[in-house]
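A structural walkthrough
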Amino acid sequence: MDELDQRLMAALRRDGRASLSELAHDLGVTRTTVRARMARLIASGEIAGFTVLSRADVAAAPVRGLMMLQVEGRGTDRVMARISGLPEVTAFHTTNGTWDLIVEIGTPTLEALDQVLFAIRRIEGVTRSETNLLLSTRRPIRRPG
């Protein structure tokens, strides 16, 4: 990805609904250039997809947290299979270092979050955990130039 691709990606992160004309104007290029760049980024997998986060999505799970898990031995696949069945788990990530998995959780209340944390800690193979509540979320605004 070159500098223009990076600026295009940043513009799409700021406003995924921006029109080709708006993107072209903001980036100082033609609509044809934006269209071609987006097509190439999608084809190469740099843009993996587009999504919408609705008010209902946020309202349904206003209590959000990240749970870091340490897993015993080679049990990571088994633990991932178990946590993927929990509806409160919105995503999970394998990682390196101290923690083997990072689990994103969303619930309607603190009590519901506590129940999910307890359920995950009881999964065979989970040896240690640490949880952080997400208090607010902000996306960086990157301006071209």
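This structure is a prediction, so every number in the text was calculated from the model and none was measured.

What about the pairing of strand 1 (residues 63–71)?
Bridging between strand 1 and strand 3 (residues 101–107) involves seven bridges; their strand directions are antiparallel. From the neighbouring strand, L66 faces strand 3, where its bridge partner is E104. Here eight bridges tie strand 1 to strand 4 (residues 126–134), and the two strands are oriented antiparallel to one another. When the bridges of strand 4 are listed, L66 appears paired with N132.

A word on the packing of helix 1 (residues 3–14) against helix 3 (residues 31–44)
Where helix 1 contacts helix 3, the two axes come as close as 11 Å, and the packing angle between them is 90°. One way to sum up the angle between helix 1 and helix 3 is to call them roughly perpendicular. Within the contact between the two elements, helix 1 uses L4, D5, L8, M9 and L12 and helix 3 uses T33, V34, R37, M38, R40 and L41. Among the residues making up the contact of helix 1 with helix 3, the classes are represented as seven nonpolar, one polar and three charged.

Regarding the sheet that holds strand 1
Read from one edge of the open sheet, four strands run 2-3-1-4, paired in antiparallel fashion. The sheet terminates laterally at strand 2 (89–94) and strand 4, the two strands that pair on one side only. For this sheet, the mean inter-axis angle between neighbouring strands, taken without regard to orientation, is 20°. Alignment of strand 2 against strand 3, held across five bridges, turns out to be antiparallel. Among the inter-strand pairings, F92 is bridged to a residue of strand 3, identified as V103. Contacts between helix 6 (residues 110–121) and the sheet are confined to strand 1, strand 2, strand 3 and strand 4, with strand 3 contributing the most and set at about 150° to the helix.

What about a nonpolar patch on the surface?
A surface patch of nonpolar side chains, amounting to about 350 Å² of accessible area, comprises L110, L133 and L135. Position of L133 among the secondary structure elements: in strand 4. Here L133 falls in the partly exposed class, since its relative accessible area comes to 44%.

Thoughts on the nonpolar core
Core analysis: the biggest nonpolar cluster contains 17 residues, and L69, V79, I83, V103, I105 and I120 have the highest contact counts within it. Residue contacts for V103: discarding those within four places in its chain leaves G65, L66, M67, L69, I83, V89, A91, F92 and I120. Among the nonpolar cores identified, the runner-up in size contains 13 residues, and A11, A24, V34 and M38 belong to it.

Here we look at the pattern of salt bridges
The tally for this structure, following the rule as stated, stands at four salt bridges. With a closest N to O distance of 2.8 Å, R37 and D5 form a salt bridge. Taken as a pair, R37 in helix 3 and D5 in helix 1 lie far apart in primary sequence, 32 residues in all. Comparing R37 with D5, the two get one shared label, buried. Note that R40 is salt-bridged to D5, the shortest N-O span being 2.9 Å. Residue R40 is found in helix 3, and its partner D5 is found in helix 1; the two are separated by 35 residues along the sequence. Judged by its relative accessible area of 1%, D5 falls in the buried class. The network of salt bridges with shared partners includes D2, D5, R37 and R40.

Conventions used here
- Residues numbered from 1 in each chain as written.
- Predicted model: local features only at pLDDT ≥ 70, side-chain atom pairs only at ≥ 80, totals over all residues.
- Heavy atoms only, no water.
- Pairing = 2+ DSSP bridges.
- Helix = DSSP H or I, 4+ residues; strand = E, 2+ residues; numbered from the N terminus.
- Axes fitted to C-alpha atoms, helices over the stretch in contact; angles between N-to-C directions.
- Parallel < 35°, antiparallel > 145°, perpendicular 65-115°, else oblique.
- Contact = heavy atoms within 4.5 Å.
- Nonpolar A, V, L, I, M, F, W, Y, C, P; charged D, E, K, R; others polar.
- Patch = residues over 30% accessible without salt bridge, like charges linked within 9 Å, V, L, I, M, F, W, Y side chains within 5 Å.
- Areas by Shrake-Rupley, 256 points an atom, 1.4 Å probe, with all protein chains shown as cover.
- Salt bridge = Lys/Arg side-chain N within 4 Å of Asp/Glu carboxyl O.
- Buried < 20%, exposed > 50% of the residue type's maximum accessible area, 1.4 Å probe, protein only.
- Core = buried A, V, L, I, M, F, W, Y, C linked by side-chain atoms within 4.5 Å.

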